[in-house]
Amino acid sequence: MQQLLKILSNPYPVSAVPRTPNYKSNTNLFNLELHRFEHLTAIHLIMIKIGGYILSFKDAVSWARRRYPDLDIYDEGLIPNIIEDHLLSAEGMKVICTVTIREDRKLFCVFVTHIADDPYATQTHFAPFPLDDRAISLRQKLFPLKEDSDKLEFVTISDPSDKGY
C-alpha cells in the first residue's frame, strides 16, 4: 500500500524520469519492464481477441423472436443486451453477446465462446480460435434449428473494442 501511495504522490510524470538504456522501474507494481531509450518509451501491449458465432442484427432479431416468442424486443438496436439478459434470467446461461462492426460497416452480434490475451496478435495477424467442444455445445444449445445454424459463422476477432462499442 505504501508503494502505491508513493507512486500516486509522485509529482513528476513518467517522461520526467531520467532516460537511460534498459531503465527498470522499481515502482511498477506489475513488474512490466519499461525499455527507455533516448527519445522513446515503449511498453508492449497485449491484444485481446474474442471468438464465437456471429449473426447480423437482422438475423439475431429473427432468431430471438423465433426462439423466444414472448421476449419483449423493445429496441432492435439493443438486441445483444436483450439476448444476454434473457439467457441469464430465463435459462441461467452466462453467454456474452456483444457487438462488432464488419468491414462493410454493418453491425453484427457475436455470441462469445472464447476470450484471450494474445501478446503476439495484431489487428490483422493473429491465431484464430479452434472450433472446440465448448463452441459446438453452445451452438447446439442456442441454435438447434437448421435455419438458424446455417446463418452462423465461427469467427475470431482481434481487438474487439476497436470494432464495436
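Predicted, not measured: the structure shown is a model, and the values here were computed from it.

The rules behind these values
Residues numbered from 1 in each chain as written. Predicted model: local features only at pLDDT ≥ 70, side-chain atom pairs only at ≥ 80, totals over all residues. Heavy atoms only, no water. Pairing = 2+ DSSP bridges. Helix = DSSP H or I, 4+ residues; strand = E, 2+ residues; numbered from the N terminus. Buried < 20%, exposed > 50% of the residue type's maximum accessible area, 1.4 Å probe, protein only. Arc of directions from axis to C-beta. Contact = heavy atoms within 4.5 Å. pLDDT = per-residue confidence, 0-100. Disulfide = S-S within 2.5 Å. Phe/Tyr/Trp six-rings, centres within 6.5 Å; stacked < 30°, edge-to-face > 60°. Salt bridge = Lys/Arg side-chain N within 4 Å of Asp/Glu carboxyl O. Polar contact = N/O pair within 3.5 Å; in protein donor to acceptor, adjacent residues only side chain to side chain. Core = buried A, V, L, I, M, F, W, Y, C linked by side-chain atoms within 4.5 Å.

A. Structural detail: the pairing of strand E4 (residues 96-101). In terms of strand pairing, E4 meets strand E5 (residues 107-118) through six bridges, oriented antiparallel. Counterpart to Cys-97 in the pairing with E5 is Phe-111. Counting the residues between successive antiparallel strands, the hairpin from E4 to E5 contains five residues, one of them, Arg-105, with a positive phi of roughly 65 degrees.

B. The arrangement of helix H4 (residues 133-142) in detail. If you check which residues of H4 are buried, you get Ala-135, Leu-138 and Leu-142. In an axial view of H4, the angular spread of the buried residues amounts to 60 degrees, which keeps them on one side of the axis. For H4, exposure combined with an orientation more than 90 degrees from the buried face picks out Asp-133 and Gln-140. Looking at the buried side of H4, the elements it contacts are strand E3 (47-56), helix H2 (57-67), helix H3 (79-91), E5 and strand E6 (153-158).

C. Quick peek at the confidence of the model for the protein chain. Across the protein chain, pLDDT averages 76, with 70% of residues at or above 70. For the stretch residues 4-39, pLDDT sits under 50, and the model shows 28 contacts to residues farther than four places along the chain or on other chains.

D. Examining the state of the cysteines more closely. Taken as a whole and judged by the stated rule, the model has zero disulfides. In this model Cys-97 remains outside any disulfide bridge; the closest cysteine sulfur is found in Cys-109, 4.5 Å from its own.

E. Inspection of the packing of aromatic side chains at higher detail. Evaluation of the coordinates by the stated rule reveals five aromatic pairs. A centroid spacing of 5.5 Å and a plane angle of 80 degrees characterise the contact between Trp-63 and Phe-111, whose relative ring orientation is edge-to-face. With Trp-63 in helix H2 and Phe-111 in strand E5, this pair connects stretches of sequence that are 48 residues apart. You can call Trp-63 buried: its relative accessible area is 1%. Overall, Phe-111 belongs to the buried group, its relative accessible area being 0%. An aromatic cluster is present here, built from Trp-63, Tyr-68, Phe-111 and Phe-143 joined pairwise through their rings.

F. Region of the structure containing the pattern of salt bridges. If you walk through the whole model with that rule in mind, you get six salt bridges. Residue Lys-151 pairs with Asp-59 through a salt bridge whose shortest N-O separation is 3.8 Å. Within this pair, whereas Lys-151 is found in the loop between helix H5 (146-149) and E6, its partner Asp-59 is found in helix H2, the two being separated by 92 residues in sequence. Note on Lys-151: relative accessible area 42%, which makes it partly exposed. When the shortest N-O distance is used, the salt bridge between Arg-66 and Glu-147 registers 3.0 Å. Taken together, the residues Arg-66 in helix H2 and Glu-147 in helix H5 connect sequence positions 81 residues apart.

G. A look at the side chain of Ser-56. By the element assignment, Ser-56 lies in strand E3. Residue classification places Ser-56 among the buried residues on the basis of a relative accessible area of 19%. In terms of polar contacts, Ser-56 uses its side chain to reach the backbone amide nitrogen of Asp-59, at 3.1 Å. When near neighbours in sequence (up to four residues on either side) are disregarded, Ser-56 contacts Leu-107 and Phe-108.

H. View of the nonpolar core. Counting residues in each nonpolar core, the largest one holds 25 residues, and the members touching the most others are Trp-63, Ile-79, Ile-83, Phe-111 and Leu-142. Elements represented by at least two residues in this core include exactly E3, H2, H3, E4, E5 and H4. If you tally residues by element for this core, the top one is H2, at five residues. Once residues lying within four places of it in the same chain are set aside, the contact partners of Leu-142 are Trp-63, Arg-67, Tyr-68, Leu-87, Met-93, Val-95 and Phe-111. Phe-108, Val-110, Val-112 and Val-155 belong to the second-largest nonpolar core, a separate cluster that totals seven residues.

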